[in-house]
Amino acid sequence: MVTELDKVDVVTVGVGWTGGIIAAEAAKAGLKVMGLERGHERGTDDYQNVHDEYKYAIRYELMQDMSKETITFRNTRDQRALPMREMGSFLLGDNLGGAGTHWNGQTWRFLPYDFEIRSMTEERYGAEKLKDDEGYRIQDWGITYDELEPYFDKFEKTAGISGEPNPLGGDRSDDYPTPPMIKTRSLKMFEDAANSLGYSPIMMPSANLSEAFENPDGQTIQACQYCAFCERFGCEYGAKSSPEVTVIPAARDTGNFEVRPHSNVVEVMKDDDDDSKVTGVRFIDTRSGEEFIQPADVVVLTSYLFNNYKLLRVSEIGEQYDPETEEGTLGRNYCYQVFGGAVGFFDEQFNTFMGAGALGMAFDDFNGDNYDHSDLDFLHGGNMAITQTGARPIATNTTREGTPSWGARFKKESIENYTRTLRVQAQCATLPHRDNYLDLDEEYTDAYDVPLVQLTYNFTDQDRNVQGYTIDRAAEVVEEMGAGEVKKDTVVEDYDIVPYQSTHNTGGTIMGDDPETSVVNNYLQHWDRDNLFVVGAGNFAHNGGYNPTATVGALAYRCAEGVIEYAEDNRRLE
Amino acid sequence: MADKDQKEKKFSRRDFLKTTGAATGGIIGGSLLGGSIGMNFGSDMSTEEEESQQTGESGGEESGGTENPGRIFFHNDADFETISQAMERIFPEDDHGPGAIKLGVPYFLDMQLAGAYGNNSKEYMQGPFREGEATQGYQSRLTRAELFTIGIEALNSESQNDYDNGFADLEDDQKDEILTKFEGGDADFGIPRAAGKPEDFFGLLRSATLQGAYADPMYRGNRGMEGWKMKGFPGHQHAYIQQIDTDSFQEIEPQSLYGGK
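Residues numbered from 1 in each chain as written. Chains lettered and ligands numbered in written order. Predicted model: local features only at pLDDT ≥ 70, side-chain atom pairs only at ≥ 80, totals over all residues.

1. Focus: the overall build of chain A
Within chain A, the regular secondary structure consists of 12 helices and 20 strands. Scaling as 2.2 N^0.38, a compact globule of 574 residues should have a C-alpha radius of gyration of about 25 Å, and chain A matches this with 23 Å. Taken across its 574 residues, chain A has 60% of its residues classed as buried. Taking the intrachain contacts of chain A between residues at least 6 apart in sequence as the baseline, contacts between residues at least 24 apart amount to 75%. (Helix = DSSP H or I, 4+ residues; strand = E, 2+ residues; numbered from the N terminus. Rg over C-alpha atoms; globule rule 2.2 N^0.38 Å. Buried ≥ 20, exposed ≤ 12 C-beta atoms within 10 Å, placed from the backbone. Contact = placed C-beta atoms within 7 Å.)

Listed below in structure tokens is the structure:
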């Protein structure tokens with residue numbers, strides 16, 4: 001039996017950064033918002049004993065229960081997709097706050113080039129540089145940096161970001177709300193090396209705040225204590241901006257927002273008589289097993305990109321992308337990330353165990369189109385950075401080339417190098433390819449009998465070339481820092497879903513200005529269903545050379561504006 | 001396995017020490033003896049033995065000042081000795097400090113295998129199970145506990161095969177030869193590769209050893225926080241804001257999360 005609940009103005013599926021932002025903005029505008037969260041409530045009090053590497057970082061305490069839901073994966077279409085049975089390549093979040101709880105807090109704005117990558121590349125180098133004939137599907141986002149700038153500014157103020165201007169980034173309407181974090185010995189070494197090589201290093205924009213800050217919603221974020229437990233952990237000080245200390249309480253303060261935890265949405269409901277709208281969502285109470293329908297005037301999908309994709313697909317909203325014919329848009333342009341880095345071995349010992357998730361310095365001289373690609377066999381690049389996020393002993397076992405992975409020599413080297421190595425790396429963009437996409441698995445299902453998402457993904461020559469180039473640049477920086485020995489990364493071959501790489505998955509529900517090549521418009525409003533919005537990194541038409549959260553946050557503020565406008569006028573947004 | 005388990009349970013503790021001594025050619029390592037103390041051998045245990053189980057003193061002294069917390073998963077002493085010796089080869093005692101056994105790492109593994117880790121509680125374990133590409137990751141129907149059980153058996157059968165001896169009784173370089181075969185996927189695992197792979201077992205063995213050496217001591221490894229001391233990791237510190245801007249290296253006495261050692 002399905003119980004139908006009272007209708008609300010807006011329902012969000014998931015309550016992390018995007019759900020929290022939509023909820024706060026819509027609730028402040030007087031709309032009644034219901035946030036359906038599949039996980040449980042949580043907040044700063046739950047992180048008082050969080051300094052436990054094994055429980056949180058190794059055994060994934062804050063992450064999705066894979067026994068209930070995962071994805072299937074294959075590198076290419078001629079392989080059989082099999083379930084990702086344990087967490088690895090990326091970390092799927094869970095519970096209130098989602099991935100916004102366990103993130104590091106590196107808060108970069110994507111570059112102006114990112115949003116107009118096709119037009120700007122063609123203008124500077126000619127159309128052949130886009131390599132359409134090799135299967136790359138590089139496209140503009142349907143929004144410009146300048147259009148998105150006010151929303152970046154808004155997100156940075158909500159999160160109280162600590163940073164300094166970037167001479168190689170887009171124009172800013174205002175400074176960061178708080179000054180940069182404290183510069184450490186290793187950061188200063190990186191800064192000196194980068195300066196002497198002629199680059200433009202800056203302190204990394206950080207959501208671990210340099211000082212306590214009251215945001216425009218009246219929520220206070222505390223000052224970071226540099227305890228070095230950020231990524232994969234929650235912050236016991238409330239000093240890492242997360243949805244639980246910012247937008248969720250802001251939404252609740254209005255009296256117009258309710259979170260319903262333990263509510264796993266399995267379908268977006270449609271009206272048989274009106275194919276321009278959706279009517280609400282169907283969800284399962286994960287504790288009782290009861291089914292409910294939550295009717296709503298506006299539905300906003302605010303879960304992680306795999307789940308946003310999945311809900312559209314199982315609800316038969318939009319047309320699935322077919323890599324053979326390239327018809328359909330749902331599932332296309334899935335992208336990921338590659339890292340071009342090098343490790344330096346030093347005699348000096350560094351305080352590598354101290355730090356914060358976004359304590360770092362970086363330069364953008366090899367990011368976007370900030371350098372000439374005329375004679376290069378790839379586009380884009382990445383943000384080159386050193387970070388001091390806090391090296392923890394189980395996961396940090398750096399050894400020299402050719403060292404066995406166990407035994408006496410391994411033990412000696414991994415212990416000695418724990419405080420004597422520094423790493424510099426570029427976080428590289430990946431560009432969409434026709435063969436990389438999301439589909440629905442025909443065999444494996446989740447705990448609610450809903451099919452798993454099927455990921456078909458492999459690295460491309462573009463990825464390998466940009467990685468190879470940035471490895472060399474990173475190695476030069478490390479050498480300039482005075483390393484006695486430099487160990488370069490090796491260039492990736494096939495994408496491997498086992499080792500952790502990055503939780504910067506993008507695409508599948510991309511935005512654009514053309515319903516033929518995108519799923520949502522630039523308000524993140526679904527092309528086919530006027531009262532359905534889909535927001536998150538799934539909207540990215542490609543993945544840039546930065547961490548995604550600032551851009552996700554900006555898109556969520558853009559989306560919130562669309563939701564509020566739609567609630568007033570009930571019209572398509574243009 | 002089941003038959004063997006039942007037989008083992010009928011043994012008295014004295015019988016056990018006698019037979020194990022005989023089976024291993026009279027060599028009983030301190031760690032093996034330490035490992036046996038505190039295990040439940042049934043109602044025929046003497047009062048004296050029960051006391052030593054509670055205090056853990058005799059086992060502690062003989063295994064190099066480490067206490068014996070008892071075992072949850074490994075009921076068979078020879079199995080525990082096999083995996084202990086394998087972990088010691090992964091992370092051996094050396095000039096830097098203690099190895100896996102002195103750090104209590106086998107006891108860490110014991111508790112992990114009895115819980116969510118061993119039972120793959122948070123992993124997707126629905127079939128069908130098929131052998132995949134290496135890039136698709138673990139695809140076996142076996143839980144980690146099952147994989148360790150098979151792995152221990154295979155370590156011993158491979159050792160018998162190559163050196164006519166159980167794994168725990170091999171010389172160090174022979175143990176390393178055997179482990180290298182598992183690491184490279186060349187050992188006979190006794191089951192089809194599609195069902196379980198020796199290199200998967202080795203991968204878990206390696207990672208669990210490092211986890212036990214460096215996890216908070218409340219997980220029963222990293223005894224005395226000696227793993228952290230070797231590495232220079234200060235464990236649970238509330239804040240580094242007072243030291244974060246210093247250029248010099250800071251040596252900080254480690255602290256565990258709840259104050260235990």
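2. Looking at the overall build of chain B
The secondary structure content of chain B amounts to 12 helices and zero strands. Along chain B, from the amino end to the carboxyl end, the secondary structure elements read α-α-α-α-α-α-α-α-α-α-α-α. Looking at chain B residue by residue over its 261 residues, the buried ones come to 44%. Partitioning the intrachain contacts of chain B with sequence separation of at least 6 by distance along the chain shows that 61% fall at a separation of at least 24.

3. Describing the confidence of the model for chain B
Residues and elements named next belong to chain B. For chain B, per-residue confidence averages 82 on the pLDDT scale, and 75% of positions sit at 70 or higher. Below a pLDDT of 50 lies the segment residues 1–65, which in the model reaches 65 contacts outside its immediate sequence neighbourhood of four places, other chains included. Interface confidence for the predicted complex, expressed as ipTM, amounts to 0.96; the pTM equals 0.91. (pLDDT = per-residue confidence, 0-100.)

4. A closer look at the environment of W228 of chain B
As for its placement among the helices and strands, W228 of chain B is situated in helix α12 (residues 226–231). Accessibility expressed as a C-beta count within 10 Å gives 24 for W228 of chain B, which makes it buried. Taking C-alpha positions, W228 of chain B is 9.3 Å from Q255 of chain B, a pair spaced 27 residues apart along the chain. The contact partners of W228 of chain B, leaving out residues within four places of it in the chain, are P393 of chain A together with Y214, N222, F233, G235 and P254 of chain B.

5. A closer look at the interface of chain B and chain A
When the parts of a complex come together, some accessible area is lost, and that lost area is often taken as the interface size. In this assembly, 49 residues from chain B lie in contact with 52 residues from chain A. Broken down by secondary-structure element, the contributors of at least two residues to the side of chain B that touches chain A are α6 (77–90), α11 (198–214) and α12 of chain B. The residue inventory of the side of chain B that touches chain A, partitioned by class, reads 21 nonpolar, 16 polar and 12 charged. (Nonpolar A, V, L, I, M, F, W, Y, C, P; charged D, E, K, R; others polar.)

6. Section: the pairing of strand β13 (residues 338–345) of chain A
A regular strand places its side chains on the two faces of the sheet in alternate fashion. Residue and element names in this part refer to chain A. Most of β13 sits inside the fold, with six of its eight residues counted as buried. Bridge analysis of β13 against strand β16 (residues 421–428) gives eight bridges, and the strand direction is antiparallel. Within the sheet, the bridge partner assigned to G344 lies in β16 and is L422. Pairing between β13 and strand β19 (residues 485–488): four bridges, direction antiparallel. Along β19, the bridge assignment pairs F345 with E485. (Pairing = 2+ DSSP bridges.)

7. Concerning helix α12 (residues 549–569) of chain A
With 21 residues, α12 of chain A ought to run about 30 Å at 1.5 Å a step, and its terminal C-alpha atoms sit 30 Å apart, in line with that. Backbone geometry just downstream of α12 of chain A places N570 of chain A in the positive-phi region, at approximately 50°. (Expected span 1.5 Å × (residues − 1).)

8. Considerations on the sheet that holds strand β4 (residues 71–74) of chain A
All names here are of chain A. The strand order across the open sheet built from four strands is β5-β4-β18-β17, with neighbouring strands paired in mixed fashion. A single partner strand is all that each edge strand has here, and the edge strands are β5 (82–83) and β17 (437–445). With four bridges connecting them, β4 and strand β18 (residues 451–456) associate as parallel partners. Its bridge partner being in β18, R74 is matched across the sheet by T456. Docked against the sheet, helix α9 (residues 305–314) engages β4, β17 and β18, running at close to 120° with respect to β18. (Axes fitted to C-alpha atoms, helices over the stretch in contact; angles between N-to-C directions.)

9. Focus: unusual backbone geometry
Cis geometry is adopted by the peptide bond preceding P128 of chain B, which originates at G127 of chain B and carries an omega value of 0°. With respect to the helices and strands, the residue P128 of chain B is situated in the loop between α8 (116–119) and α9 (144–163). Despite not being glycine, R232 of chain A has its phi angle at roughly 85°, a positive value. Mapped onto the secondary structure, R232 of chain A falls in the loop between β8 (220–221) and α8 (247–253).

10. What about the sheet that holds strand β6 (residues 202–203) of chain A?
Residues and elements named next belong to chain A. On the basis of which strands lie adjacent, the open sheet formed by six strands has the order β6-β14-β15-β16-β13-β19 and antiparallel pairing. The open sheet has two edge strands with one neighbour each: β6 and β19. One ladder, built from four bridges, connects strand β14 (residues 360–363) with strand β15 (residues 382–387); its direction is antiparallel. By the bridge assignment for β15, F363 is matched with M384. Of the strands in this sheet, β13, β15, β16 and β19 touch helix α11 (residues 461–480), which is tilted by about 25° from β13.

11. Description of the packing of α6 of chain B against helix α7 (residues 105–114) of chain B
Residue and element names in this part refer to chain B. It is the contact of α6 with α7, at a shortest axis distance of 9 Å, that shows an interaxial angle of 120°. Judged on the interaxial angle alone, α7 and α6 are oblique. Here α6 and α7 pass one another in a crossing that is right-handed. Between α6 and α7, the residues in contact are F80, I83, S84 and M87 and V105, P106 and L109, respectively. When grouped by side-chain class, the residues that make up the contact of α6 with α7 number six nonpolar, one polar and no charged. (Parallel < 35°, antiparallel > 145°, perpendicular 65-115°, else oblique. Left-handed = near helix turned anticlockwise from the far one by under 90°.)

12. A word on the pairing of β18 of chain A
All names here are of chain A. Buried residues dominate β18, accounting for five of its six residues. Sheet topology note: the β17/β18 ladder contains five bridges and is antiparallel. The residue bridging L440 from the neighbouring strand is V453, located in β18. The antiparallel pairing of β17 with β18 creates a hairpin that spans five residues between the two strands, and D449 there sits at a positive phi of about 65°.

13. A few points about the packing of helix α6 (residues 145–159) of chain A against α12 of chain A
Residue and element names in this part refer to chain A. Closest axis-to-axis distance for the α6/α12 pair is 8 Å, and the angle between their directions is 110°. Judged by the inter-axis angle, α6 sits roughly perpendicular to α12. The residues of α12 that touch α6, namely those facing L148, Y151, F152, K154, F155 and E156, are A550, G553, A554, Y557 and R558. When its residues are assigned to classes, the contact of α6 with α12 shows seven nonpolar, one polar and three charged.

14. Quick look at the environment of N195 of chain A
All names here are of chain A. Counting through the fold element by element, N195 comes out in helix α7 (residues 185–196). For N195, a count of 13 C-beta atoms within 10 Å puts it in the partly exposed group. Each C-alpha atom, one on N195 and one on A29, is 47 Å from the other, the two residues being 166 residues apart in sequence.

15. With respect to the environment of H96 of chain B
Here H96 of chain B shows up in the loop between α6 and α7. Here H96 of chain B falls in the partly exposed class, since 17 other C-beta atoms lie within 10 Å of it. Each C-alpha atom, one on H96 of chain B and one on G227 of chain B, is 9.7 Å from the other, the two residues being 131 residues apart in sequence. Leave out the neighbours within four places in its chain, and H96 of chain B touches K411, K412 and I415 of chain A together with M230 of chain B.

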